[in-house]
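Chain by chain, the residues:
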Amino acid sequence: MPILSARQGVDELSPDSFFRLFVKLNQPDHVSHFLFLPGMLFNDARQWWGAKGRRPHPHEGIDLYLMQGVETGVKIVLPQMLIPALLPGQLFHFHRDFLGETLYIRHPEIRQGNTVLHTIYGHVQFSPGLSCPSVINKGQIVGRISSPPDTTPVPAHLHISCAWIQEDQQVEELNWKDMTRNANVYFIDPLPFLMQ
């Protein structure tokens, strides 16, 4: 199965980019690139785990699972790895997902009309000491990658989405079942945000 690499190496990115912060927090030895199987990137209709069939709807974000070590070969993302915040904002909502919890951070200073940018982190364990609402700084640890239940073929990984969400959107409708059909939620490719 083909593997795609992030367009730039980790060392070529800004020191406070998400990818560099993630590596700094979690890897004792050097990682050169993040790698993506078909199905891991934004808007892909394939699953990258299990039977590798079709998703019920296109992928709303990207999945971080594979990293290329400079001297150690391909590594996988492991449960308990720390997750830095992509941008400053406000943690305002979370809910259970099929592998852990999903956290929502609102970025009120980044707007388009009456929509606000949100970063969404799936399959995580909430950081102790955080509550909703909480002010979040860029790079602040917001959680850890959760361990999947034994009943699923999906390995531990981090899902990251970015979405423009209407300012008056009801928080109880922010869940994976409803968001994919919600006209007030417009998903965008998170990769450019992760690399800056």
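Residues numbered from 1 in each chain as written. Predicted model: local features only at pLDDT ≥ 70, side-chain atom pairs only at ≥ 80, totals over all residues. Heavy atoms only, no water.

Asker: Describe the overall build of the protein, naming the residues involved and giving the relevant values.
Answerer: A tally of regular secondary structure across the protein gives three helices and 13 strands. Compactness check: the protein gives a C-alpha radius of gyration of 16 Å against a globular reference of 16 Å for 196 residues, within 12% of the reference. Expressed as lengths along the three principal axes of its C-alpha atoms, the size of the protein is roughly 50 × 35 × 30 Å. Here the protein holds 196 residues, and 54% of them are scored as buried. By element, 53% of the accessible surface of the protein is carried by carbon and sulfur atoms, the whole surface being about 9300 Å². For the protein, the centre of its 15 positive side-chain charges and the centre of its 18 negative side-chain charges are spaced 3 Å apart. (Helix = DSSP H or I, 4+ residues; strand = E, 2+ residues; numbered from the N terminus. Rg over C-alpha atoms; globule rule 2.2 N^0.38 Å. Buried < 20%, exposed > 50% of the residue type's maximum accessible area, 1.4 Å probe, protein only. Areas by Shrake-Rupley, 256 points an atom, 1.4 Å probe, with all protein chains shown as cover. Lys, Arg positive; Asp, Glu negative; His and termini not counted. Charge placed at Lys NZ, Arg CZ, Asp CG, Glu CD.)

Asker: Provide a residue-level description of the pairing of strand 2 (residues 31-36), including the pertinent values.
Answerer: The buried fraction of strand 2 is high, at five of six residues. In this structure, strand 2 lies alongside strand 4 (residues 66-69), joined through four bridges in antiparallel fashion. Within strand 4, the position partnered with His33 by the bridge is Gln68. (Pairing = 2+ DSSP bridges.)

Asker: So, the environment of Asn137: which residues are in play, and what are the values?
Answerer: Along the polypeptide, Asn137 turns up in the loop between strand 10 (134-136) and strand 11 (141-145). Its relative accessible area of 48% is what places Asn137 among the partly exposed residues. Here the alpha-carbon distance between Asn137 and Leu86, two residues 51 residues apart in the chain, equals 8.7 Å. Setting aside its immediate chain neighbours within four residues, Asn137 contacts Ala85 and Pro88. (Contact = heavy atoms within 4.5 Å.)

Asker: Break down the side chain of His123 for me, with residues and values.
Answerer: Residue placement: His123 occurs in strand 9 (residues 115-126). Since its relative accessible area comes to 6%, His123 is described here as buried. Within polar-contact distance, the side chain of His123 engages the side chain of His157 at 3.5 Å. Filtering out sequence-adjacent residues up to four positions away, His123 remains in contact with Asp97, Phe98, Leu99, Gly100, Glu101, Thr102, Arg144, Ile145, Ser146, His157 and His159. (Polar contact = N/O pair within 3.5 Å; in protein donor to acceptor, adjacent residues only side chain to side chain.)

Asker: Quick rundown of the packing of aromatic side chains? Include the residues and the values.
Answerer: Overall, the coordinates contain nine aromatic pairs when judged by the stated rule. Relative to Phe22, the ring of Phe18 lies with its centre 6.0 Å away and its plane at 25°, an arrangement referred to as stacked. One end of the pair, Phe18, and the other, Phe22, are both in helix 1 (residues 18-26), four residues apart, so they sit about a helical turn from each other. Using a relative accessible area of 0% as the deciding quantity, one classes Phe22 as buried. Where Trp48 meets Tyr65, the ring centres are 4.9 Å apart and the plane angle is 35°; that geometry is what we call tilted. In this pair, Trp48 is assigned in the loop between strand 2 and strand 3 (62-64) and Tyr65 in the loop between strand 3 and strand 4, connecting sequence segments 17 residues apart. (Phe/Tyr/Trp six-rings, centres within 6.5 Å; stacked < 30°, edge-to-face > 60°.)

Asker: Please give an account of the pattern of salt bridges that cites residues and values.
Answerer: Following the criterion strictly, the structure yields five salt bridges and no others. The shortest N-O distance in the salt bridge between Asp44 and Arg46 comes to 2.9 Å. With a shortest N-O distance of 3.0 Å, Arg111 and Glu167 are connected by a salt bridge. A residue pair is termed long-range when its members are at least 10 positions apart, and Arg111 in strand 8 (residues 101-112) and Glu167 in the loop between strand 12 (158-166) and helix 2 (176-179) qualify at 56 residues. (Salt bridge = Lys/Arg side-chain N within 4 Å of Asp/Glu carboxyl O.)

Asker: Lay out unusual backbone geometry in plain terms, naming residues and giving numbers.
Answerer: Between Cys132 and Pro133 the backbone carries a cis peptide bond, its omega angle lying at -5°. As for its placement among the helices and strands, Pro133 is situated in the loop between strand 9 and strand 10. The phi dihedral of His123 is positive, around 70°, even though this residue is not glycine.

Asker: An account of the nonpolar core is requested, with residue identities and associated values reported.
Answerer: If you look at the biggest cluster of nonpolar residues, it comprises 48 residues, and the most contacted ones within it are Phe18, Phe19, Phe34, Leu64, Tyr121 and Leu158. Each residue touching Leu64, except ones within four places of it in the same chain, is listed here: Phe18, Phe19, Phe34, Phe36, Val77, His157, Leu158 and Ile160. Core analysis: the second largest hydrophobic core is formed by ten residues, Phe92, Ile120, Ala163 and Trp176 among them. (Core = buried A, V, L, I, M, F, W, Y, C linked by side-chain atoms within 4.5 Å.)

Asker: Explain the environment of Glu101 to me, and be specific about the residues and the numbers.
Answerer: As for its placement among the helices and strands, Glu101 is situated in strand 8. For the pair Glu101 and His123, spaced 22 residues apart in the sequence, the C-alpha separation amounts to 5.2 Å. The residues contacting Glu101, other than those within four sequence positions of it, are Phe94, His95, Arg96, Tyr121, Gly122, His123, Val124, Gln125 and Phe126. Separated by 3.1 Å, the side chain of Glu101 and the backbone nitrogen of Phe126 make a polar contact.

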